[in-house]
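Per-entry structural report
Each chain, letter by letter, is given below.
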Amino acid sequence: MVRARSEERRAEILRATLEVIAERGYRGATLSAVAERVGLSQQGLLHYYPTKEALLVAVLEDRDRWDTGGGGSRGEGPWPLELLGSLVEYNAMRPAIVQTFSALLGESVTEEHPAREFFTARYTQVRADMAASLRAEHGEELPGGLTPERAATLLVAVMDGLQYQWLLDPDAVDMPGAFRDFLRLLRDRPGPDGKPQVSGPDPG
């Protein structure tokens, strides 16, 4: 019973943190603001999440569970590539969460940063998931000759790199459109004249 109440409280804190991030952005999501939202003192909040970084990582973990089906309605198995395009579109509607992810990601490359372990493990898993999605659609070799594992690294880099460009200049960068352009490149097979030939349906 005590554990169940603790888990409910943690879920309440995560929901409140998402609300504060949406309203105030990454920098405005202070521990005091979240604590006030859930009726706790800052010290009481620290009982559940000892640092702001720990709280924000928990929010990102929770977001990933919903995005990939761990807490939502999607079943198991590789993501169809067209669904990845839909996920990028969805991210374009929640800039504050994307900002939180990108800010923590940039900081995590430093030694002993509290989010470093999360992002290292996340990228290992995401690359494996993307490789599975690519293999399900193309088999062991993509039209351009890359293996699913090699293409997966590029796919993840494009997804996250686009987010930085979009955050800096959203009017100039069509994040969903650019990502679908990249999916077309993955599907294009060079023809006899060296020019790309579309090998599959338009992902958009």
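Heads up: the structure comes first, above all this text.
Scope of this entry: the structure provided in the associated data block. Model, not experiment: these values are computed from the prediction.

Of the regular secondary structure elements, the protein chain holds nine helices and two strands. Helices and strands appear in the protein chain in the N-to-C order α-α-α-α-α-α-α-α-α-β-β. Within the protein chain, contacts between residues at least 6 apart in sequence are counted, and of these 57% link residues at least 24 apart. Within the structure as shown, the protein chain displays about 11,400 Å² of accessible surface, and the carbon and sulfur contribution to it stands at 54%.

Although it is not a glycine, E112 adopts a positive phi angle of roughly 65°. As for its position among the elements, E112 is in the loop between α6 (95-108) and α7 (116-138).

As a further point, take the nonpolar core. With 54 residues, the main nonpolar core has I13, F119, L134, L155, F179 and L186 as its most contacted residues. Discounting chain neighbours no more than four positions away, the residues touching L134 are L81, G139, L142, P148, A151, A152, L155 and L186.

Per the stated rule, a full pass over the model turns up 11 salt bridges. The partner of R37 in a salt bridge is E19, and the shortest N-O contact between them spans 3.0 Å. One end of the pair, R37, is in helix α2 (residues 31-38); the other, E19, is in helix α1 (residues 2-28), with 18 residues separating them in the sequence. Between E89 and R180 there is a salt bridge, with the nearest N and O atoms lying 2.8 Å from each other. In this pair, E89 sits in helix α5 (residues 81-91) while R180 sits in helix α9 (residues 175-187), placing the two residues 91 residues apart along the sequence. For R180, a relative accessible area of 11% gives the class buried. One network of salt bridges, with partners in common, ties together E19, E23 and R37.

Analysis parameters
- For every chain, the first residue of the written sequence is number 1, and numbering continues from 1 along that sequence.
- Per-residue local features are limited, in this predicted model, to residues with pLDDT of at least 70; the limit for side-chain atom pairs, both in listing and counting, is 80 or more; totals at the level of whole chains, interfaces and linings are taken over all residues.
- Hydrogens and waters are ignored; side-chain quantities use all the structure's heavy atoms.
- By the criteria applied, helices consist of DSSP H or I runs no shorter than four residues and strands consist of E runs no shorter than two, each listed in order from the N terminus.
- By definition, residues are in contact when any of their heavy atoms lie within 4.5 Å.
- Calculation of accessible area relied on Shrake-Rupley with a 1.4 Å probe; when residues are assessed, cover is drawn exclusively from the protein chains displayed.
- As used in this record, nonpolar core signifies buried Ala, Val, Leu, Ile, Met, Phe, Trp, Tyr and Cys residues forming a set joined through side-chain atoms within 4.5 Å.
- For the exposure calls, accessible area comes from a 1.4 Å probe over protein chains only, and a residue counts as buried if that area is under 20% of its type's maximum, exposed if over 50%, partly exposed in between.
- Throughout this description, the term salt bridge denotes a Lys or Arg side-chain nitrogen within 4 Å of a carboxyl oxygen of Asp or Glu.

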